[in-house]
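Here is what each chain is made of, one letter per residue.
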Amino acid sequence: MSLFVTLFVIERNKMTDTYRHKGLRKQLAQLLAEKGITNAQVLLAIENIPRHLFIPDNALHKFAYEDKPFPIGSKQTISQPYTVAFQTETLEIKKREKVLEIGTGSGYQTAVLLEVGAKVFSIERQKALFDRTKKLLPELGYNAQLFYGDGYKGLPAFAPFDKIIVTAGAPFIPEDLLYQLKIGGMLVIPVGEGDDQIMKKIVRVAENNFETEDLGVFRFVPLLKEKGQD
Ligand code: SAH
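This section reports on the structure supplied with the text. All of these numbers come straight from a predicted model, not from anything done at the bench. (Residues numbered from 1 in each chain as written. Predicted model: local features only at pLDDT ≥ 70, side-chain atom pairs only at ≥ 80, totals over all residues. Heavy atoms only, no water.)

Turning next to empty space enclosed by the protein. Evaluated as defined, the whole model comprises one cavity of 30 Å³ or more. Here the largest cavity defines a volume of roughly 30 Å³. Lining the largest cavity are Asn 39, Gln 41, Val 42, Thr 88, Glu 92, Ile 93 and Val 116. Its residues assigned to classes, the lining of the largest cavity shows three nonpolar, three polar and one charged. (1 Å grid on protein atoms, 1.4 Å probe; cavity = no way out; pocket = protein on both sides within 12 Å on 5 of 7 lines; lining within 4 Å. Points joined across faces, edges and corners; volume = space filled by probe spheres on them. Nonpolar A, V, L, I, M, F, W, Y, C, P; charged D, E, K, R; others polar.)

Quick look at the structure:
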C-alpha cells in the first residue's frame, strides 16, 4: 500500500462508527430513560450521535458510551451524557429555535441541540478546542455557527435567542445572557463556585422580570473569564 493509501485508511478508521457502537448507544439511551429522561427526541439524539468521535483520545473510545465525562484536552471535559440530556430536555426546544450554547468544548452538546432541531450558535474560549470542533462538526454532518470568544458576554450581534445553555459552572448568572433572551425565552445554567453547581432554569417572563427554578445538583468544569489557553 502506498503511504497515501495507508494514511487515508488510518484517517478513516479514526472516524468509523460501527454496529457495536450503535448497540452501545442504544443501551446508553435506555440507561438515560431509566435515570428519568423522557423526551423521545433527546433519547433519539443520544442514540444517533457517535459520541466516541467527539473524544480525541482513541484509547478512551471503548468507554465513550458509559454515562461519564471524559477529558478532551485543554483541561476540559465532554459532559456526562445524563447532564447533556437533562439540560437539553429542560430547554424544551422546538424546531428552528435559536439556541446559544456557552462552552462548545467537544461539540457533543452542540450536536444534540442540532439533532433536536435547534439552530445553534456556540461560543468557546479555548482556541485549541474551538479549532478542533470547528473542523469536526461539519465532518460529521453537523452545522452550527461557532465562535471563539468569551461566553460571559453572549453574542449581542445575533441576539435575541429562544434558549441559552451554559455548559460550564458559572460563579454567578451573567446579566448579558439574561438580556439576550427573547421574552418567554429560557436560560439553563449550572451556578456555583465549588465542585458542585445548582442547575438553574431562568425564564424571561417580561422585559425585566425573570423566574428562576432550581433543578438539582450537577458537577461541571468552571466557566472562566475572557478568552484564554489556561
Ligand atoms: N458542551 C461541552 C462541554 C465542555 S466543558 C461538550 O459537550 O463537550 C465546558 C466548556 O466551556 C470547555 O470547553 C471550556 O473551555 C468552556 N468555557 C469555559 N469558560 C468559558 C467562557 N467564558 N466562554 C466560553 N466557553 C467557556
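What follows concerns the site of the ligand. Lining the immediate surroundings of the ligand are 26 residues, of which Gly 103, Ser 106, Glu 124, Gly 151 and Leu 224 lie closest. Side-chain polar atom of Asp 150 to a nitrogen atom of the ligand: 3.1 Å apart, as the coordinates give it. Look at the ligand: alone it shows 580 Å² of surface, and the protein chains cover 100% of it. With respect to the pocket detection grid, the ligand is positioned in the largest pocket. Those elements that provide at least two residues to the shell around the ligand are strand E2 (76-78), strand E3 (98-102) and strand E4 (119-124). Take the shell around the ligand: its biggest share by element is three residues, from E2. When the residues that make up the shell around the ligand are grouped by side-chain class, the tally is ten nonpolar, twelve polar and four charged. (Near = heavy atom within 4 Å. Polar contact = N/O pair within 3.5 Å; in protein donor to acceptor, adjacent residues only side chain to side chain. Areas by Shrake-Rupley, 256 points an atom, 1.4 Å probe, with all protein chains shown as cover. Sits in = over half its atoms within 2 Å of the grid points. Helix = DSSP H or I, 4+ residues; strand = E, 2+ residues; numbered from the N terminus.)

A few words on the layout of surface pockets. Of the volumes computed, that of the largest pocket is approximately 440 Å³. Lining the largest pocket are 35 residues, and of these Gln 76, Gly 103, Thr 167, Ala 168 and Val 221 lie nearest its centre. Only E2, helix H4 (81-91), E3, helix H5 (108-115) and E4 provide two or more residues apiece to the lining of the largest pocket. Here the element with the most residues in the lining of the largest pocket is E2; it accounts for three residues. Residue classes in the lining of the largest pocket are distributed as 15 nonpolar, 15 polar and five charged.

In this section: the pattern of salt bridges. All chains considered together, the criterion is met by 13 salt bridges. A salt bridge links Asp 162 to Lys 182, with the shortest nitrogen-to-oxygen separation between them at 3.1 Å. With a gap of 20 residues between them, Asp 162 in strand E6 (residues 161-166) and Lys 182 in strand E7 (residues 181-191) connect regions that are remote in the sequence. When its relative accessible area of 14% is taken as the criterion, Asp 162 is described as buried. One salt-bridge network, held together by shared partners, links Lys 94, Glu 97 and Lys 163. (Salt bridge = Lys/Arg side-chain N within 4 Å of Asp/Glu carboxyl O. Buried < 20%, exposed > 50% of the residue type's maximum accessible area, 1.4 Å probe, protein only.)

Let us now look at the pairing of strand E8 (residues 197-206). Pairing geometry for E7 and E8, over six bridges, is antiparallel. Following the sheet pairing, Met 186 is matched in E8 by Val 203. If you look at the hairpin formed by E7 and E8, you'll find five residues sitting between the two strands, and Gly 192 has a positive phi there, around 150 degrees. Where E8 lies against strand E9 (residues 209-218), eight bridges are found, and the strand directions are antiparallel. Among the inter-strand pairings, Ile 202 is bridged to a residue of E9, identified as Thr 212. As consecutive antiparallel partners, E8 and E9 are separated by two residues. (Pairing = 2+ DSSP bridges.)

Without other data, these values stay purely geometric and don't point to any function.
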